[in-house]
Amino acid sequence: MSNLETRPSEIDCRSDADAGTAGDVGDIVVEVLTARDVPLGGPRAMTVRRTLPQRERSLIGAWCFADHYGPDDVSTTGGMDVPPHPHTGLQTVSWLFTGEIEHRDTMGNHAMVRPGELNLMTAGHGIAHTEVSTSNTTILHGVQLWVALPADAADTPRDFAHYVPPAVERSGVAVRVFLGECAGDRSPVHTFTPLLGAELTFAPGAEIELDVDPTFEHGVLVDDGTVQVVESAAEPLVRTEMGYIGVGATRLHLRNVGADVAARVVLLGGTPLNEDIIMWWNFVGRTHSEIERYREQWQAHSDRFGQVQGYEGDTQHLPAPTLPNSSLRPRENKAGRAFRDR
């Protein structure tokens, strides 16, 4: 998915390699991240809820972008129609709950994004793609996620992967692991840093205890229902909220506090990136001059990005926004701790 904001922020995500691990064990600390509404353009724009990045937290592991959208009646909004647009230095992760999206890219991949199926595109050196909801779609509902590539892989060649994870049933909770390892299941899809991505669907009143990597920080994005992080004193997380849990936890205990309704979350995790990155529009780079160069090359129809074939929309090359006159101040991206120090 493209960031269609006309004045996107330039985000300089400063690492904190000395963030360390948790202190003495106490209640798990949950930092609640609230989303902001972002229209995807046009008078009948589909609105997404953007949880990452934001001032309070730019990254969770290498996860650098999270859009949550729907349930969206495409007869009202027109659905998703994102023209050819570029990416560098990242991977896009598409995950749907309902609906269908047609993907085309400059590698020649033509694939459908369907519920419960992972589509992962590696931009690396540069790629362009389109995303269009299909005529089979009445309700569009899902998440679009980006992963920042580490410096030693930022210029990696383009790639594309598709994977259908099985549902692992645990006492009324169905877990689908699309990246990394969780609940005894492991995704075979390659990532460049240690990551976790999973959908958890809870029956009414169901709960689950998950063993997790204590070197990971985690985000619990609530798609539907109300979910409690049981060892935390925080209020239960409600729809569209993301609960951030810092490094140090070895277990996450999640409970659907709705006795009569189901709930669903997307669980994200990863080791802190510990690198300074700049994210602007659809690019991830290390310096302002890099971002400038990517923009200039996209505007000039450079071979870095290539040309998408088969897109039938009117705009065949989405124009890049104007860069700000100067870089924004660096934003701290210190990894939090899962437990309170005593």
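Residues numbered from 1 in each chain as written. Predicted model: local features only at pLDDT ≥ 70, side-chain atom pairs only at ≥ 80, totals over all residues. Heavy atoms only, no water.

Undergrad: Could you give me a rundown of the sheet that holds strand 22 (residues 237–238), with the residues and numbers involved?
TA: As summarised here, the arrangement of the four strands in space is 19-24-21-22, forming an open sheet in which the pairing is antiparallel. A strand with exactly one partner marks an edge of an open sheet, and here the two such strands are strand 19 (207–211) and strand 22. By the bridge criterion, three bridges tie strand 21 (residues 226–229) to strand 24 (residues 251–256) in an arrangement that is antiparallel. Residue pairing for strand 24: Gln 228 is matched across the bridge by Arg 255. (Pairing = 2+ DSSP bridges. Helix = DSSP H or I, 4+ residues; strand = E, 2+ residues; numbered from the N terminus.)

Undergrad: Explain the pairing of strand 25 (residues 263–270) to me, and be specific about the residues and the numbers.
TA: Burial analysis of strand 25 places eight of its eight residues in the buried class, the great majority of the element. Of the two faces of strand 25, both are covered, the one formed by Ala 263, Val 265, Leu 267 and Gly 269 as well as the one formed by Arg 264, Val 266, Leu 268 and Gly 270. In this sheet, strand 25 lies alongside strand 20 (residues 217–224) in antiparallel orientation, the contact comprising seven bridges. Each residue of the ladder has a partner; that of Gly 219, found in strand 25, is Leu 268. (Buried < 20%, exposed > 50% of the residue type's maximum accessible area, 1.4 Å probe, protein only.)

Undergrad: Before we move on, could you go through the packing of aromatic side chains and cite the residues and values that matter?
TA: For the structure on display, the rule yields eight aromatic pairs. Centroid distance Phe 65 to Trp 146: 3.9 Å. Interplanar angle 15°. Geometry classified as stacked. You can see Phe 65 sitting in strand 5 (residues 63–73) and its partner Trp 146 sitting in strand 12 (residues 139–148), a full 81 residues away along the chain. You can call Trp 146 buried: its relative accessible area is 0%. (Phe/Tyr/Trp six-rings, centres within 6.5 Å; stacked < 30°, edge-to-face > 60°.)

Undergrad: So what's going on with the sheet that holds strand 4 (residues 47–52)? Residues and values would help.
TA: Spatial strand order, 3-4-5-12-7-10-13: seven strands in an open sheet with antiparallel pairing. Taken across any chain shown, the strands that pair with only one partner, and hence form the sheet edges, are strand 3 (36–39) and strand 13 (159–163). On average, each strand axis in the sheet is tilted by 20° relative to the strand beside it, whichever way the strands run. Bridging between strand 4 and strand 5 involves four bridges; their strand directions are antiparallel. (Axes fitted to C-alpha atoms, helices over the stretch in contact; angles between N-to-C directions.)

Undergrad: Which residues make up empty space enclosed by the protein, and what values do they have?
TA: Taken as a whole and assessed by the stated rule, the structure comprises two cavities of 30 Å³ or more. Roughly 80 Å³ of volume is contained in the largest cavity. If you list the elements that add at least two residues to the lining of the largest cavity, you get strand 7 (90–98), strand 8 (101–105), strand 10 (118–122) and strand 11 (127–133). Top element by residues in the lining of the largest cavity is strand 10. It accounts for three residues. (1 Å grid on protein atoms, 1.4 Å probe; cavity = no way out; pocket = protein on both sides within 12 Å on 5 of 7 lines; lining within 4 Å. Points joined across faces, edges and corners; volume = space filled by probe spheres on them.)

Undergrad: Any chance you could break down helix 2 (residues 288–299) for me, citing the residues and the numbers?
TA: Compared with an ideal rise of 1.5 Å per residue, which puts 12 residues at 16 Å, helix 2 spans 17 Å between its outermost C-alpha atoms and is within 8% of the ideal. His 288, Glu 290, Ile 291, Tyr 294, Arg 295 and Trp 298 are the residues of helix 2 that are buried. Within helix 2, the buried residues cover an arc of 160° as seen down the axis, which keeps them to one side. The inward-facing, buried residues of helix 2 abut strand 6 (81–87), strand 11, strand 26 (277–280) and strand 27 (283–285). Directly after helix 2, the chain includes His 301, whose backbone phi takes a positive value near 60°. (Expected span 1.5 Å × (residues − 1). Arc of directions from axis to C-beta. Contact = heavy atoms within 4.5 Å.)

Undergrad: Explain unusual backbone geometry to me, and be specific about the residues and the numbers.
TA: A cis amide bond, omega -5°, links Leu 52 with the succeeding residue Pro 53. Within the element layout of this structure, Pro 53 appears in the loop between strand 4 and strand 5. Look at the link from Gly 70 to Pro 71: it is a cis peptide, with omega at 0°. Within the fold, Pro 71 resides in strand 5. We note that Thr 240 has phi near 80°; this positive angle belongs to a residue other than glycine. Position of Thr 240 among the secondary structure elements: in the loop between strand 22 and strand 23 (242–245). At His 301, a position not held by glycine, the phi torsion is positive, near 60°. One can find His 301 in the loop between helix 2 and strand 28 (331–332). Since its relative accessible area comes to 48%, His 301 is described here as partly exposed.

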